[in-house]
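Here is how the chains run, residue by residue.
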Amino acid sequence: MPPHLLPLTARTGPGGRLSVGGVDVLDLAEQHGTPLFVYDEEHLRRRCREAVAAFGDGVAYASKAFLCRAMAALVAEEGMCIDVSTAGELHVALAAGVPPARLVLHGNNKSEEELARALEVGVGRIVVDSFDEIALLHKLTGGHGQTSTSARRPQVLVRVTPGVEAHTHEYVMTGQEDTKFGFSIASGAAAGAVEALSSSTDVELVGVHAHIGSQVFALASFVKAVEVLARFFLPLGLPELCLGGGLGVAYVEGEQAPTISEWAATVHHACAEAGIPPATRITAEPGRAIAATAGITLYRVGTVKELPGIRTYIAVDGGMSDNPRPVLYGSGYEAFLPRATDAERPLQGTVVGKHCESGDILVRQACLPADLVVGDVLATPVAGAYGHSMASNYNKVTRPPVLFVANGQARVVVRRETLDDLLRLDQ
Ligand code: LLP
């Protein structure tokens, strides 16, 4: 496996046996069963530190990429704020002990309950997405700038769409005009929102936010967004500009993505070129770039079906319930055997899951060692973002546990679901 697709502390021992964080991953599969998410804690920490060093205070981790209490605590320890976009993400971050002031509330359709909770606990920022939300904020703050429990006016950013089409999958493109998110600059809606928010005594408008999409490799897309945003932002004289998340990561051999530092340098340069004052707080919200490469998924091969002249199906004990990305976006992944990480991979096959549909594909064009056998542990790298967080119980499959590994130790941060967990909500 190319090292840039593996977690930072990945090492290979005799025969190419993989360890991460000083822990042998085959031993983990033995002890904890499969499927299993394994995260390199050092990798996560280093990416957080890189983001803080590159963007400064205020840079937030987009928790939709992967969230549990341990992750929220780690991210906060490393100095990042956290972007939460639902009551659920807010609840987990608070349960981890993250100070509310370090949270940024997102969402294109925040409910009254979600907004009320955010105001009650005093989240650091609310990113306002619609005129209906402005009306709700007015209602909840009682029209006189304060809730009963929060001492200061809530600080808000206005989310705008710059009309920039990022080069990525249609489902995760958000900067274009035809979108459910934010206020359009071109139509004048964004100016209307600024007008409403800045003349309000209920909230304090501190900045502008934009998120052009996800899994974006071309830094030029961010530069284009900055150019459009700057024209809108500059006359407002506001202190903060957030450029959202979206930095892409390499999933398969041959792909190379910019680093967080390169992304930040490009954004800062573009902001300076556009005349944005140096004192402006320029922030971002990376999710995938923090978590994706830190995590691998371990599966066990259950059957190998060779259809002569057609294809070889390699079925594992997980599937679209632990990683829906290939089905949803046609995303590509690599697969390898962690007992022989660096082995030649001449066997071509399709890695599928155990769900009752043909679309249940994990790796459409996998290359694997020729001596693969039933019972082998098979790994997919770059599985740390939008895998566990989008996992489901389809076919009443229980969701895998999550382990954090570091310094030769593994700790379970999310336990495996049990069959009884599947009955928990039944009445
Ligand atoms: N900020 C906002 C407002 C967002 O909507 C998102 C992602 C992010 C930040 C973080 O973006 P990232 O740095 O992770 O690209 N499920 C899809 C990705 C959906 C992204 C949604 N919003 C996938 O698996 O590719």
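Rules and cut-offs
Residues numbered from 1 in each chain as written. Predicted model: local features only at pLDDT ≥ 70, side-chain atom pairs only at ≥ 80, totals over all residues. Heavy atoms only, no water. Phe/Tyr/Trp six-rings, centres within 6.5 Å; stacked < 30°, edge-to-face > 60°. Helix = DSSP H or I, 4+ residues; strand = E, 2+ residues; numbered from the N terminus. Buried < 20%, exposed > 50% of the residue type's maximum accessible area, 1.4 Å probe, protein only. Pairing = 2+ DSSP bridges. Right-handed = clockwise from strand over helix to strand, strands pointing away. Domains from an automatic or database assignment. Contact = heavy atoms within 4.5 Å. Buried area = accessible area lost by both parts, 1.4 Å probe. Polar contact = N/O pair within 3.5 Å; in protein donor to acceptor, adjacent residues only side chain to side chain. Arc of directions from axis to C-beta. Core = buried A, V, L, I, M, F, W, Y, C linked by side-chain atoms within 4.5 Å. Near = heavy atom within 4 Å. Areas by Shrake-Rupley, 256 points an atom, 1.4 Å probe, with all protein chains shown as cover. Nonpolar A, V, L, I, M, F, W, Y, C, P; charged D, E, K, R; others polar.

Engineer: What is the right way to look at the packing of aromatic side chains in this model?
Structural biologist: What describes a pair of aromatic rings is the distance from one ring centre to the other and the angle between the planes of the rings. Enumeration over the complete set of coordinates arrives at seven aromatic pairs. When the ring of Y39 is compared with that of F66, the centres are 4.3 Å apart and the planes differ by 15°; the resulting orientation is stacked. Taken as a pair, Y39 in strand β4 (residues 36–40) and F66 in the loop between β5 (60–62) and α3 (69–77) lie far apart in primary sequence, 27 residues in all. With respect to class, Y39 is no different from F66; both count as buried. When the centroid spacing of 5.8 Å and the interplanar angle of 55° are considered together, the rings of Y39 and F404 count as tilted.

Engineer: What should I look at first to understand the pairing of strand β6 (residues 81–84) in this one?
Structural biologist: Here is the key point about a regular strand: its side chains alternate between the two faces of the sheet. Alternating positions in β6 separate into two faces, C81 and D83 on one and I82 and V84 on the other, with burial throughout. Here β5 runs beside β6; their pairing, made up of three bridges, is parallel. Bridge pairing in β6 links Y61 to I82. Tracing the backbone out of β5, into α3 and back to the parallel element β6 gives a crossover that is right-handed. Bridge analysis of β6 against strand β7 (residues 103–105) gives three bridges, and the strand direction is parallel. Looking at the pairing, D83 lines up with V104 of β7. As for the winding sense of the linkage, the β-α-β connection from β6 through helix α4 (residues 87–95) to β7 is right-handed.

Engineer: I tried to follow the domain arrangement of the chain on my own but got confused; where do I start?
Structural biologist: In many reports, interface size means the accessible area that the parts give up when they come together. Looking at the chain, the domain boundaries give domain 1 (3–39 + 292–423) and domain 2 (106–285). Domain 1 and domain 2 are separated by 35 Å when their C-alpha centres are compared. In this complex, domain 1 contributes twelve residues to the contact, which on the side of domain 2 involves ten residues. With both chains or domains summed, domain 1 and domain 2 bury close to 1,000 Å², and 58% of this area falls on carbon and sulfur atoms. Linking domain 1 with domain 2 are three residue pairs in polar contact (both at pLDDT 80 or more), by the criterion used here.

Engineer: For this particular structure, what's the right way to read the side chain of S63?
Structural biologist: You can see S63 is positioned in the loop between β5 and α3. A polar contact of 2.8 Å, which involves the side chain of S63, links it to the backbone oxygen of D83.

Engineer: Honestly, α4 in this entry has me stumped. Any pointers?
Structural biologist: An α-helical segment advances 3.6 residues per turn. Residues three or four places apart therefore align on the same side. When α4 is considered as a whole, its buried residues turn out to be E89, L90, A93 and L94. For α4, the arc enclosing every buried residue in end-on projection is 130°, short of the 170-degree limit, so these residues lie on one face. In this structure, the buried side of α4 is in contact with α3, β6, β7 and α5 (112–121). After α4 finishes, the residue G97 shows a positive phi value of roughly 90°.

Engineer: Teacher, can you tell me more about the sheet that holds strand β2 (residues 18–20) here?
Structural biologist: Remark on secondary structure: sheet strands pair via backbone hydrogen bonds, oriented parallel or antiparallel. Across the sheet, three strands lie side by side as β1-β2-β3; this open sheet has antiparallel pairing. Looking along the sheet, the strands with just one partner apiece sit at the ends: β1 (11–12) and β3 (23–24). Inspection of the sheet shows β1 paired to β2 by two bridges, in the antiparallel sense. Across the sheet, R11 pairs through a bridge with S19, a residue of β2.

Engineer: Looking at this structure, how should I read unusual backbone geometry?
Structural biologist: When glycine is set aside, most residues are seen to have a negative phi, and most peptide bonds are trans. Cis peptide bonds are those with omega within 30 degrees of zero, and the linkage from T34 to P35 qualifies with -10°. If you trace the backbone, P35 turns up in the loop between α1 (25–32) and β4. Positive phi, normally seen in glycine, also occurs at Q215, with a value near 55°. Among the secondary structure elements, Q215 is positioned in the loop between β11 (204–209) and α8 (219–233).

Engineer: Can you walk me through the nonpolar core in this structure?
Structural biologist: Formed by 122 residues in total, the largest nonpolar core has its most connected members in M71, L378 and F404. With eight residues, the top contributor of residues to this core is α8. Both domain 1 (3–39 + 292–423) and domain 2 (106–285) contribute no fewer than three residues apiece to this core. If near-sequence neighbours (up to four positions away) are discounted, M71 is found in contact with L44, Y61, F66, I290, A291 and F404. Grouped together as the second largest cluster of nonpolar side chains are seven residues, A60, V104, V127 and V206 included.

Engineer: Could you clarify how one ought to interpret the site of the ligand in this entry?
Structural biologist: What surrounds the ligand is a group of 19 residues, the closest being S214, E285, R325, Y329 and Y386. One of the side-chain N or O atoms of S214 is found 2.4 Å from an oxygen atom in the ligand. One nitrogen or oxygen atom from the side chain of Y329 is found 2.8 Å from a nitrogen atom belonging to the ligand. When the ligand sits alone it has 590 Å² of accessible area, and the protein chains cover 91% of it. Looking at the shell around the ligand, its residues break down into six nonpolar, seven polar and six charged. Mapped onto the domain boundaries, the shell around the ligand takes at least three residues apiece from domain 1 (3–39 + 292–423) and domain 2 (106–285).

Engineer: Sorry if this is basic, but what is going on with the environment of L205 here?
Structural biologist: Looking at where L205 falls in the secondary structure, it is placed in strand β11. L205 sits in the buried class, given a relative accessible area of 11%. It is 36 Å that separates the C-alpha atoms of L205 and A294, two residues lying 89 residues apart in sequence. For L205, the contacting residues outside a window of four places in its chain are V156, L157, V158, V194, L197, S198 and L238.

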